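Coordinates in review
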Amino acid sequence: PTGAIHGVLNMINKLIIDQRENNRIAIIFDAPGPTFRSEIYSKYKINRPPMPDDLKIQVDPLIKLIKTMGIPLLRISGVEADDVIGTLCKKASQEGFKTIISSIDKDFAQLVNNKITIVNSMNGNTLNRDGVKTKFDVYPEQIIDWLALVGDTSDNIPGVPKVGAKTAAKWLNQYGDIETIIANAEEIPGKV
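Attention in this report is confined to the structure presented alongside it. (Residues numbered from 1 in each chain as written. Predicted model: local features only at pLDDT ≥ 70, side-chain atom pairs only at ≥ 80, totals over all residues. Heavy atoms only, no water.)

1. Focus on the environment of Ile 118
- Within the secondary structure layout, Ile 118 lies in strand S4 (residues 116-119).
- Given the relative accessible area of 5%, Ile 118 is considered buried.
- Considered as a pair, Ile 118 and Ile 100 are 18 residues apart in the sequence and their alpha carbons are 5.5 Å apart.
- Beyond its immediate sequence surroundings of up to four residues, Ile 118 is in contact with Ile 101, Ser 103, Phe 108, Ala 109, Val 112, Asn 125, Thr 126 and Leu 127. (Helix = DSSP H or I, 4+ residues; strand = E, 2+ residues; numbered from the N terminus. Buried < 20%, exposed > 50% of the residue type's maximum accessible area, 1.4 Å probe, protein only. Contact = heavy atoms within 4.5 Å.)

2. Comments concerning the pattern of salt bridges
- One pass over the full model with this rule turns up eight salt bridges.
- Residue Asp 18 pairs with Lys 14 through a salt bridge whose shortest N-O separation is 2.5 Å. Taken together, the residues Asp 18 and Lys 14, both in helix H1 (residues 3-18) and four residues apart, mark about one turn of the helix.
- Lys 14 gets classed as partly exposed once you look at its relative accessible area, which sits at 48%.
- Note that Asp 83 is salt-bridged to Arg 37, the shortest N-O span being 2.7 Å. Here the residue Asp 83 occupies a position in helix H4 (residues 81-94), and Arg 37 occupies one in helix H2 (residues 36-40), the gap between them amounting to 46 residues.
- Given the relative accessible area of 25%, Arg 37 is considered partly exposed. (Salt bridge = Lys/Arg side-chain N within 4 Å of Asp/Glu carboxyl O.)

Dropping the structure here:
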């Protein structure tokens, strides 16, 4: 099987062409083995099925191809690729670099600022600060609280029971952050 290799290489090449004014790129993969999150919460990602065999056998050849292309590839044990991406983006942003995250992972919305944008690897759509507000109805700095309220089924992280995306956004737009929501819980109408 070569479908994943072909797809990833096509995305990388498209990104390089579309973002040619940006002269730095790095590819980040998860390293094999557990991460600190599994130690914090034993049920973290417990519902995820294992990587299919036909995908698993494409990882090493893909890594070799990316390295052959001369693109830096990072895999850091004990942390997820998301953590490495977040760290690199925050550092680059602080140093004044325009940074683009190529991903479909909603967790990255918390990083968006005037220097960091997200491009959807699949369809080319970008999310800037206003795009995050349009998509989630909260701003990037509220995404962590939004995720805490809603939860994340893909990572098996529970949220507040019966709180969905609309309720979480409504509360955060009204109260600003989760601490203020908790402080005003008695005045919030409804069962939740």
